[in-house]
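# Observations on chain architecture
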Amino acid sequence: RSEFMEHPYPFQLYAFVVGNLVVFRTNFAYQRYWEGRTVIAQMSSKWLDGACMSVAFDAPGSAKTPYLEGIGGITCSTSCKPTANGAPSHEEFVANILHLFSLMHALALLHLRGDADLNNLKPFDML
């Protein structure tokens, strides 16, 4: 009778080496995925930090006025009026800066995805 292999040792050695290579490759791919996901989360937090700093920089100097007064249906007292030099109010500035930072974040994610079609960005109303 003719057997495929007389001794199973070469097959066991080959299976061991291939099995370890598959495990290491899978582990590296998993690590790369989570490293990329972590960097995307850091990018998101940096966009939020920049937006918060912009809003705080433009905020009125009064401790009685909340930073986001007038946003989301909160009534505003003095910050809704344009300034003396014709610049937009704090409420308009916050709405614009949040829109722009949100758009920059969406474009960065679109670029990372490798998508060049801007029609994939869909607007929605948050308020």
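Heads up: the structure comes first, above all this text.
These remarks concern the structure in this document.

## Some remarks on the side chain of Asp-115
Inspection of the secondary structure puts Asp-115 in the segment after helix H2 (90-113). Since its relative accessible area comes to 19%, Asp-115 is described here as buried. One polar contact links Asp-115 to Arg-113, side chain to side chain, over a distance of 2.6 Å. Apart from the residues within four sequence positions on either side, Asp-115 is in contact with Leu-110 and Asn-120.

## Some words on H2
Under the 1.5 Å per step criterion, the end-to-end length of H2 is 34 Å for 24 residues, consistent within 8% with the ideal 34 Å. Those residues of H2 that sit buried are His-90, Val-94, Ile-97, Phe-101, Ala-108 and Leu-110. Where H2 is buried, its residues touch helix H1 (9-58). Two residues or fewer after H2 comes Gly-114, characterised by a positive phi angle close to 80°.

## Notes on the packing of aromatic side chains
Under the defined criterion, the tally for this structure stands at 3 aromatic pairs. Ring centres 6.3 Å apart and planes at 75° place the aromatic pair Tyr-30 and Trp-34 in the edge-to-face group. Separated by 4 residues within a single helix, Tyr-30 and Trp-34 lie in helix H1, roughly one turn from each other. Given a relative accessible area of 51%, Tyr-30 falls into the exposed group. Among the residues examined, Trp-34 registers a relative accessible area of 42% and is labelled partly exposed. Aromatic side chains Trp-47 and Phe-101 sit 6.1 Å apart centroid to centroid with 75° between the ring planes, which places their arrangement in the edge-to-face category. Of this pair, Trp-47 sits in helix H1 while Phe-101 sits in helix H2; the two residues are 54 residues apart in sequence, bridging distant segments of the chain. Residue classification places Trp-47 among the partly exposed positions, given a relative accessible area of 24%. By relative accessible area, Phe-101 is classed as buried at 15%.

## Comments concerning the packing of H1 against H2
Running from N to C, H1 and H2 point in directions that differ by 165°, and their axes come no closer than 10 Å. Overall, the two elements H1 and H2 adopt an arrangement that is roughly antiparallel. In the packing of H1 onto H2, the handedness of the crossing is right-handed. Contacts between H1 and H2 pair Ile-40, Met-43, Ser-44, Trp-47, Gly-50, Ala-51, Ser-54, Val-55 and Asp-58 from the former with His-90, Phe-93, Val-94, Ile-97, Leu-98, Phe-101, Met-104, His-105, Ala-108, Leu-109 and Leu-112 from the latter. Residue composition of the contact of H1 with H2, grouped by class: 14 nonpolar, 5 polar and 1 charged.

Cut-off values and rules
- Residues numbered from 1 in each chain as written.
- Predicted model: local features only at pLDDT ≥ 70, side-chain atom pairs only at ≥ 80, totals over all residues.
- Heavy atoms only, no water.
- Helix = DSSP H or I, 4+ residues; strand = E, 2+ residues; numbered from the N terminus.
- Buried < 20%, exposed > 50% of the residue type's maximum accessible area, 1.4 Å probe, protein only.
- Polar contact = N/O pair within 3.5 Å; in protein donor to acceptor, adjacent residues only side chain to side chain.
- Contact = heavy atoms within 4.5 Å.
- Expected span 1.5 Å × (residues − 1).
- Phe/Tyr/Trp six-rings, centres within 6.5 Å; stacked < 30°, edge-to-face > 60°.
- Axes fitted to C-alpha atoms, helices over the stretch in contact; angles between N-to-C directions.
- Parallel < 35°, antiparallel > 145°, perpendicular 65-115°, else oblique.
- Left-handed = near helix turned anticlockwise from the far one by under 90°.
- Nonpolar A, V, L, I, M, F, W, Y, C, P; charged D, E, K, R; others polar.

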